Amino acid sequence: MGKTIETQVLVIGGGATGTGIARDLALRGVKVALIDKSDLNAGASGANHGLLHSGARYVSSDAEAAMECRSEGLLLKQIAPHCIEETGGLFVAVPGDDEAYIADFPRMCEASGIPCRPLDLKDAMGMEPCLSQDLIAAFEVSDAAIDPFKLSIENLNDALGRGGEYYDHSCLEEFILEHDKIAGARVLNTKTRETFLIKADIYVSATGAWAGRVASCAGVNIPMVYSKGSLLVTGQRMATRVINRLRQASDGDILVPGGVVSIIGTTSVRTDSLDKIFPSVDEVDLIINQGKQMIPALGNRRYIRAYCGVRPLVSAGGDGDRSLSRGFSLLDHAGDGVDNFITITSGKLTTYRLMAEKTSDMVCEKLGISSACMTRDLALPQTAGGKWTEPGVSLRQGAFSHKKEDHTLCECEMVPASAIDSIVSSIRKNSGKPDLLSIALRSRLGKGPCQGSSCSVRVLSHLYDRGEMTGTEGVDGLRRFLNERWKGEHALLWGTSLAQSSLKEMIHCGLFSLELESGE
Amino acid sequence: MTFFILLSIVLFFLGAGLVYRFQDIARKSRFFEKDQDTWAKKIFDLNIKGFFLNTLFQIKLFKAGKLRWLAHFLVILGFVYLLIVHAMDGVTSGFFSWYQPGIAPFRFLRNLAGLGVGLGCVLFLLRRLPRFRTNRERVKRKKGDRFRGTASILLILALIVSGFLLEASRIISEPRFDEMVEEYSGLDEDSGQMDLEAFWVKNYHLVLKEDLSSKSIDYENAASLNQEYCLDCHDRPDEAFISTPLALGAKPFGNWLARFRVDNVFYWLHYVIGLLLLAFLPFSRMFHLIAIPVASTRKRIRPQSLKKNMGLLDLFSLTACTNCGFCSEVCNVYPNFQVTGNGEILPHLKIETVKTMAKKGLWDARTVARLRSGNDDCTRCGRCADICPSGIDLIRLWESADHLMTSLGCPDNYTQVLGTSFEQWTRQDLFPKDFGNSSLTSGLADQVAAFENCVQCTICTNSCPVVAHDLNQNDLGPHQVMNLLRLGEKHMATGSRMVWHCLTCYSCQELCPQGIRVTDILLELRTQGQKTAGQIKLSQLTNQGSDK
Amino acid sequence: MTDLNSIDCDLLVIGAGFAGMVAAARASHLGLRTVLAGNSGSLIFVSGLMDYLGVYPMDAKGVLDDPAQGLACLQSENSTHPYGGISHEQIIQCFEFVKWILGKEGLAYHLSPGRNLPVLTAMGTFKPSFMVPRTMEKGSLLFGEKKRLLLIDIKGLQGFSARQAAGGLAKTLDEVICLTVEIPGITKTIPPIILAELFEDPGVQESFVRQVLPFSNRVDIAGMPAVCGVHDSLGIQQKIEKMTGLDLFEIPGIPPSIPGLRLKNAFEKRLAALGVKFLSNTRIKDPVFNGGKFIFTGVTDSGKLSISAKGAVLGIGRFFSKGLNAGRDKIMETLFQLDVRQPVTRSLWHGTNFLTRQGHKINQAGIETDQRFRPLKKGGQPVFPGLYAVGSILAHNDWMRLKSGSGVSLVSACTAVDDFYQGVTKAKI
């Protein structure tokens, strides 16, 4: 048994909500520790569109969620402008879409207080030339793009700066239950295989889809169903604005710009598994076939990557009275016989702050602390460690650096060595161990068309040169990294992407023979 | 006495004007560095042969255009004669004691010279008519400039015409005759003045108020009187082959002319015009009379040996430009003007702008930016300087203008590109992002299909001689330029050294395993980048201007 | 330049990759009038190592020490593999032919029949290969005798770190020392090909030697990235060996690969000497088979030409070289639209584990041929009598997993050309 860490609140899950709670509590002066079984945004927080909803998407299905999105969206634009690109958004319909829905849309938006401007079809196509020529309706709303990685990193960094602690690759092994309480959490570091104990007054599970599993450790049953959603990343940015299909939420109906690329999705597939999930070939084809109805170019563009996340949905069976909003589920397990355990799950990226606020309110109530939430007013600080996730940021730093003693390690996303160094030192500062995956999480490494073919090798040799790695750590990390990248590649390998992935296989299997000694 | 005062004033004007012009050029010109030590050296660095050939025989003009040369030669020859022999007759008679303006051959020569100058001027004017201009000459010129040129010609013509009118009116003028008789003979009514009058009416076309036909005239006495008092200075006027016919034509109005002393009016007119010409010489187009000889003494130099700024004498020679337009007619990059419509490509327009810029600096951002682009188009082939009738070293001027513009913050596109920061290249106001707009533009760099197959294998960069040559200075390799295109940063790609240093050797394109037209794209970016760099430059210059 | 020039030849080799180069060399060596068309740039992606068979079967635990063993096993259970009908002796002859051809241009290779050599890669892993450039040969000595090793990387050369290459060696060797050598005047990154060209400069060699010399007593052998000159690499290596008193070997890494570039240069020179007409960067289109002859159209940037040939060798590679093109639902061969053996749906193309030892099914896809490498129609008959498919485009050969890429390429190329040659000579008699 390793060390014991004492804290007031243990937050499990380093997604948007978890880091949001960590910051919220830290701001209220509460000592908080955050653990994640892999690293930041490993779950749905890292596998979504990066869309800051105007709310218009939910006006028909869930007016309350729509209004939450609207107010939270406006708020986030105020407090975290550096994580957000205010792109604006369009809702467009093509022949065959439900005309009654289209006709009703402006009224529903008005009812939820969401600004929505009808557009002349010609104007719409002028604003976004990629749109189909067959549009039958178009509206403008105030959607925006948000960088979920930057958001979580900045939330975490602010929490860390205020006394919070973060343990990555720290997996909850078990809760030590005493009477009606959790007395401690036994945690395993999956990298070092060390076990340690965290003792806290309150335990918060912000584990999204894993909420049921974590709760079961405390002997609590949360009935959950999982819905897998896949998304595709295009090689280039296709549009200036967010483009939504004007219909009841369905497959392949939102295109969101993410810096220099665009993201089209999603699908919705019921799944039982949480760990071994991949975007499937069928899903990829479904998204493309649906997406190209509103944006024809999606039919023949090169795609860089597919990825998927799991939407956690708490089964409606009987728990409705305990949820504060239909948008998300905040569960106080005192009623289940565990006094100091709270679960927050479901919800949307757009409302992460509200979820964190409500959760922290509940935590503080339990702790008997009366300080009020500050995240509504206090801007999210911008830190150096968070700047490398943004697509295109490296261009500003590196492209014209012929005078600087710096060089590009990742060609596709133009990540310079200095960026890698600063990320490595920020990981080190947090007593983590840098490897390709943890660096990739905090930068654009491997996220370009080559998906890590040669940047991985360049970064590794750079890390070895800097003495950050020794022995066979590099090649082991490379195998993990390549297999992680592969999850998002194998379903969309045709055309040029297949050519590029064959080059990758030629290098890593053909020459380096990584498959021969792989531990798997 | 009056003449003398007037002449003094005019000469003062002339002198002061010349001094003003020269020091104005030297003082205000941004070309000229005061502490240049080349001044003294340059004094001895004269082109004597050029001076003679070009000033006296206008050899360059002869090569450039025969008709213009003829016109110039007529005017210059006639004018020199008139100036020396006629206007400065006091001096002339000092050398040739037998000189008298009224005797042969001077009368004839004066008329001949006047005719020459007049003809020349008429030729000048004719050439200014639109129908006689070449296409290139029709290119817009500044109005003031054309006016100044025409005004000078008209003034000279007026001087000549007034001279002929003066002579003609004097031939028939009785009051003038009376004054002369009074001054030189002392004759009176009794001592044969009437005889002499009659003699002059008969032989010298004098017109009298009273009719002498009824009087008895002693012609022999008249002839001897004429012999005694007049013939030294006055031959029969018939050899004044222009003035005499004019006088004959005016005879019917002789009395009327005499009554108003029109001869005196013409005299003053002639004199005043002459003085005016002299006084305004430094400020009119005629200044080239002085500037060209100065310019012609300068040895032409080649860009290789060029110092940063121009010397004082070179500056004077700038004013020798007569805007004749020969330079533009032979200009190597005239087609660029036809395509772009930028008049600052044409030397004869460019030189005016350069002169203004030399004085006023960055007075108008747009014009300077246009001048920059025009001067950048220039290949320095030297044809303009070769043909320049004024002997201006235009190559040197263009090079100096280059330096001047750079020092004023308006560098050439290449320098501009290398000095432009990321922020400039991605300025949204200049280059709005047009995601997905690619179908609307036709260049390779705008078509996703042209570069999306790039797999970042870096073969292009590895095979690039520019990269190999400039390892520590080059910023992006070709593969990175392709990647910037994928990332939607076309303008930023345009700003990379790679694009501007590319030798178009096509190694990268030949070797590209994905068949991407790498070189073609680089070349296209550079071509389009000329315009883009211009936009950035203009915006910078405008800001600079508004800051002041 | 739009007028249709025409060329007449015996054999048109389409594709100037490794297989195409070997086929063209073999054909002209046999006296056939040969035309080669394609982009030889793809050779810069090959490692320069020539594998025979390194792993068999794919899920075997270890690697093959003797490729002949693997071949026997292969032939007993898998006759669809391109090696299916070819004897070990024939294969060795083909290797010897290539070795001889390249040796003529001073590119020396080393081959020991009956033995695979473990080649140290930049990643610190070992790859089993068969015929290796002489400049890499000594690396395989590492395993035999325990040695003290100096690993050299070069400042500015990305993707190669001596410490990384040394990663797994510390256990097996007595001593491993890592050294970073600086090239005078290089302050930033240097592309490998440019670095290799710099290595031909005696000044650079001397500076390299100066920096290595202090270690010459402490180690027996030194490894460095494969950048030891583009031309006469062995000569440069031997010169450095002489100056340092150390054995030296090169270590292959990520492309662009200098050993690949050396291959490209050697082949191009040899083919020119053999009288092969090389239509560089000419795209071959619109094949027509008429009266026992093929007529092709060759397209360049500047115009078109017509090529008539009695036979054609298709060595146009796979997806990377665009010999095969995969749409979202189907894989096509791009020139003749030959049948491509492939999995039924795209979902079967790739597995979910990138580094699986079983390989991805798409790597088995390709052109099916008879044992003379003639592509087959549905019924099992050759599509055209004079058409051959060689190299990586062949089906049933996951060369990346089997470590059999160059071997299959050169064997199929030689066998196909020999077969065509026999057909031609028979017809003459």
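The rules we used
- Residues numbered from 1 in each chain as written.
- Chains lettered and ligands numbered in written order.
- Predicted model: local features only at pLDDT ≥ 70, side-chain atom pairs only at ≥ 80, totals over all residues.
- Heavy atoms only, no water.
- Phe/Tyr/Trp six-rings, centres within 6.5 Å; stacked < 30°, edge-to-face > 60°.
- Helix = DSSP H or I, 4+ residues; strand = E, 2+ residues; numbered from the N terminus.
- Buried < 20%, exposed > 50% of the residue type's maximum accessible area, 1.4 Å probe, protein only.
- Contact = heavy atoms within 4.5 Å.
- Axes fitted to C-alpha atoms, helices over the stretch in contact; angles between N-to-C directions.
- Parallel < 35°, antiparallel > 145°, perpendicular 65-115°, else oblique.
- Left-handed = near helix turned anticlockwise from the far one by under 90°.
- Domains from an automatic or database assignment.
- Buried area = accessible area lost by both parts, 1.4 Å probe.
- Salt bridge = Lys/Arg side-chain N within 4 Å of Asp/Glu carboxyl O.
- Disulfide = S-S within 2.5 Å.
- 1 Å grid on protein atoms, 1.4 Å probe; cavity = no way out; pocket = protein on both sides within 12 Å on 5 of 7 lines; lining within 4 Å.
- Points joined across faces, edges and corners; volume = space filled by probe spheres on them.
- Nonpolar A, V, L, I, M, F, W, Y, C, P; charged D, E, K, R; others polar.
- Polar contact = N/O pair within 3.5 Å; in protein donor to acceptor, adjacent residues only side chain to side chain.

(A) Focus on the packing of aromatic side chains. Evaluated as defined, the whole model comprises 33 aromatic pairs over all chains. Aromatic side chains Tyr101 of chain A and Phe105 of chain A sit 6.4 Å apart centroid to centroid with 35° between the ring planes, which places their arrangement in the tilted category. Residue Tyr101 of chain A and its partner Phe105 of chain A are located together in helix H3 (residues 99-111), separated by four residues, close to a single helical turn. Summarising the burial analysis for this pair, Tyr101 of chain A and Phe105 of chain A share the class buried. Centroid distance Tyr388 of chain C to Phe420 of chain C: 6.3 Å. Interplanar angle 85°. Geometry classified as edge-to-face. In this pair, Tyr388 of chain C is assigned in strand S17 (residues 387-389) and Phe420 of chain C in helix H12 (residues 405-428), connecting sequence segments 32 residues apart. Accessibility assignment for this pair places Tyr388 of chain C and Phe420 of chain C in one class, buried.

(B) Representation of unusual backbone geometry within the structure. Here Gly265 of chain A and Thr266 of chain A are connected by a cis peptide whose omega angle stands at -5°. Counting through the fold element by element, Thr266 of chain A comes out in the loop between strand S18 (261-265) and strand S19 (269-271). Cis geometry is adopted by the peptide bond preceding Pro256 of chain C, which originates at Pro255 of chain C and carries an omega value of 0°. If you trace the backbone, Pro256 of chain C turns up in the loop between strand S10 (247-251) and helix H10 (258-274). Notably, His179 of chain A is not glycine yet its phi reads approximately 55°, a positive angle. When you line up the elements, His179 of chain A lands in the loop between strand S11 (170-178) and strand S12 (181-189). Residue classification places His179 of chain A among the exposed positions, given a relative accessible area of 80%. For Asp286 of chain C, which is not glycine, the phi torsion reads 45° and is therefore positive.

(C) View of the side chain of Glu357 of chain A. You can see Glu357 of chain A is positioned in helix H8 (residues 352-367). Not counting chain neighbours up to four residues away, the residues in contact with Glu357 of chain A comprise Asp24, Arg28, Cys373 and Arg376 of chain A.

(D) Region of the structure containing the packing of helix H1 (residues 16-27) of chain A against helix H5 (residues 148-161) of chain A. Residues and elements named next belong to chain A. For the pair H1 and H5, the least separation of the axes is 8 Å and the interaxial angle reads 30°. With respect to their mutual orientation, H1 and H5 come out roughly parallel. You can see that H1 and H5 cross each other, and the crossing is left-handed. Facing H1, whose interface residues are Ala16, Thr19, Gly20, Ala22, Arg23 and Ala26, H5 presents Ser152, Asn155, Leu156, Asp158 and Ala159.

(E) Just the domain arrangement of chain C, in detail. All names here are of chain C. Segmentation of chain C into domains returns domain 1 (6-103 + 261-428) and domain 2 (122-251). On a C-alpha basis, the centres of domain 1 and domain 2 stand 33 Å from each other. Domain 1 puts 18 residues into the contact, and the matching count from domain 2 is 18 residues. When the two sides are added together, the surface that domain 1 and domain 2 hide from each other amounts to roughly 1400 Å², 67% of it contributed by carbon and sulfur. Inspection of the domain 1/domain 2 interface yields two salt bridges.

(F) Expanded view of the state of the cysteines. Counting across every chain of the model gives zero disulfides over all chains. Not part of a disulfide, Cys217 of chain A finds its nearest cysteine sulfur in Cys171 of chain A, a span of 8.5 Å. A residue is classified by how much of its surface remains accessible, and Cys217 of chain A, at 30% relative accessible area, is partly exposed. The thiol sulfur of Cys505 of chain B is not disulfide-bonded, and the nearest other cysteine sulfur, from Cys508 of chain B, lies at 6.2 Å. Accessibility expressed as a relative area gives 41% for Cys505 of chain B, which makes it partly exposed.

(G) The arrangement of empty space enclosed by the protein in detail. Scanning all chains against the criterion turns up 15 cavities of 30 Å³ or more. Considering only enclosed or pocket space, the largest cavity measures out at about 680 Å³ in volume. Lining the largest cavity are 44 residues, and of these Gln158, Thr189, Ile190, Pro191 and Pro192 of chain C sit closest to its centre. For the lining of the largest cavity, the elements supplying multiple residues, two or more each, are helix H26 (459-463) and helix H28 (478-486) of chain B together with H10 of chain C. Per-class residue counts for the lining of the largest cavity are 20 nonpolar, 18 polar and six charged.

(H) Structural detail: the interface of chain C and chain B. Taken together, the contact between chain C and chain B spans 22 residues of the former and 19 residues of the latter. Where chain C abuts chain B, roughly 1600 Å² becomes buried across the two surfaces, and 55% of that area is made up of carbon and sulfur atoms. At the boundary of chain C and chain B, one finds zero salt bridges. Our enumeration of links across chain C and chain B arrives at five residue pairs in polar contact (both at pLDDT 80 or more). Its residues assigned to classes, the side of chain C that touches chain B comprises 11 nonpolar, seven polar and four charged.

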